[in-house]
Amino acid sequence: MKTIFKRPFSQYVKKARKPLQLAIEDAVEGVCETPDIGEPKQGDLVGIRVYKFKFQRQEYLLAYRPTLEEQGHAGQAVGVVMIDFYQIGTHENFYDELKRYLRSEGQP
């Protein structure tokens, strides 16, 4: 399992207090164990999944995209799951900021 943390995700975690950082770490571990745990999005955000979790009665959303890479060794194809973590935050303006970031990165 390979994980990539995009800049908005990393910045949010860096600025968060330690208890929230630990809760985010638990959420990331949950997503890594079960990549299809999040709700798949439609329209502009197709391919993105959003996992929701609560911390101190506040709901947080975690946006990520799981991908399956095919790597072959000596004629054998092996699937490797790679997860890109894009953004985390509360619901307010979450989807607008996510769309803006994806457009700036030139991703579909």
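Scroll up for the structure.
The structure presented is a predicted model; accordingly, all values stated were derived computationally and were not measured.

The rules behind the values
Residues numbered from 1 in each chain as written. Predicted model: local features only at pLDDT ≥ 70, side-chain atom pairs only at ≥ 80, totals over all residues. Heavy atoms only, no water. Core = buried A, V, L, I, M, F, W, Y, C linked by side-chain atoms within 4.5 Å. Buried < 20%, exposed > 50% of the residue type's maximum accessible area, 1.4 Å probe, protein only. Helix = DSSP H or I, 4+ residues; strand = E, 2+ residues; numbered from the N terminus. Contact = heavy atoms within 4.5 Å. Salt bridge = Lys/Arg side-chain N within 4 Å of Asp/Glu carboxyl O. Phe/Tyr/Trp six-rings, centres within 6.5 Å; stacked < 30°, edge-to-face > 60°. Polar contact = N/O pair within 3.5 Å; in protein donor to acceptor, adjacent residues only side chain to side chain.

A. Local environment of the nonpolar core. In terms of nonpolar packing, the biggest core is built from 19 residues, with Phe 9, Ile 24, Phe 53, Leu 62 and Phe 85 touching the most fellow members. Of all the secondary-structure elements, those providing two or more residues to this core are helix 1 (7-15), helix 2 (18-33), strand 3 (49-55), strand 4 (58-73) and strand 5 (76-89). Counting residues per element, this core draws most heavily on helix 2, which supplies seven residues. Residue contacts for Phe 9: discarding those within four places in its chain leaves Ile 24, Val 28, Leu 62, Phe 85, Tyr 86, Gln 87 and Ile 88. Core analysis: the second largest hydrophobic core is formed by eleven residues, Leu 61, Phe 94, Leu 98 and Leu 102 among them.

B. Geometry of the pattern of salt bridges. Tallying each qualifying case throughout the model produces two salt bridges. Here Glu 39 and Lys 41 are joined by a salt bridge, their closest N and O atoms 3.0 Å apart. The partly exposed category is assigned to Glu 39, whose relative accessible area is 41%.

C. Expanded view of the packing of aromatic side chains. Considering all chains together, one arrives at eight aromatic pairs under this definition. An angle of 40° between the planes, with centres 5.6 Å apart, marks the rings of Phe 9 and Phe 85 as tilted. Linking Phe 9 in helix 1 with Phe 85 in strand 5, this pair joins segments that are 76 residues apart in sequence. Each member of the pair, Phe 9 as well as Phe 85, is classed as buried. Look at Phe 94 and Tyr 95: their rings are 5.3 Å apart centre to centre, the planes differ by 90°, and that puts the pair in the edge-to-face class. According to the relative accessible area criterion, Phe 94 is buried, its value standing at 1%.

D. Representation of unusual backbone geometry. Phi at Arg 57 is positive, roughly 65°, even though this residue is not glycine. For Asn 93, which is not glycine, the phi dihedral falls at a positive 60°. By secondary structure assignment, the location of Asn 93 is in the loop between strand 5 and helix 3 (94-105). The class of Asn 93 is partly exposed, set by a relative accessible area of 44%.

E. Highlighting the side chain of Gln 87. Looking at the element boundaries, Gln 87 is found in strand 5. For Gln 87, a relative accessible area of 5% puts it in the buried group. Within the structure, Gln 87 has its side chain in polar contact with the backbone oxygen of Phe 94 (distance 3.2 Å). A distance of 3.3 Å separates a polar atom in the side chain of Gln 87 from the backbone nitrogen of Leu 98.

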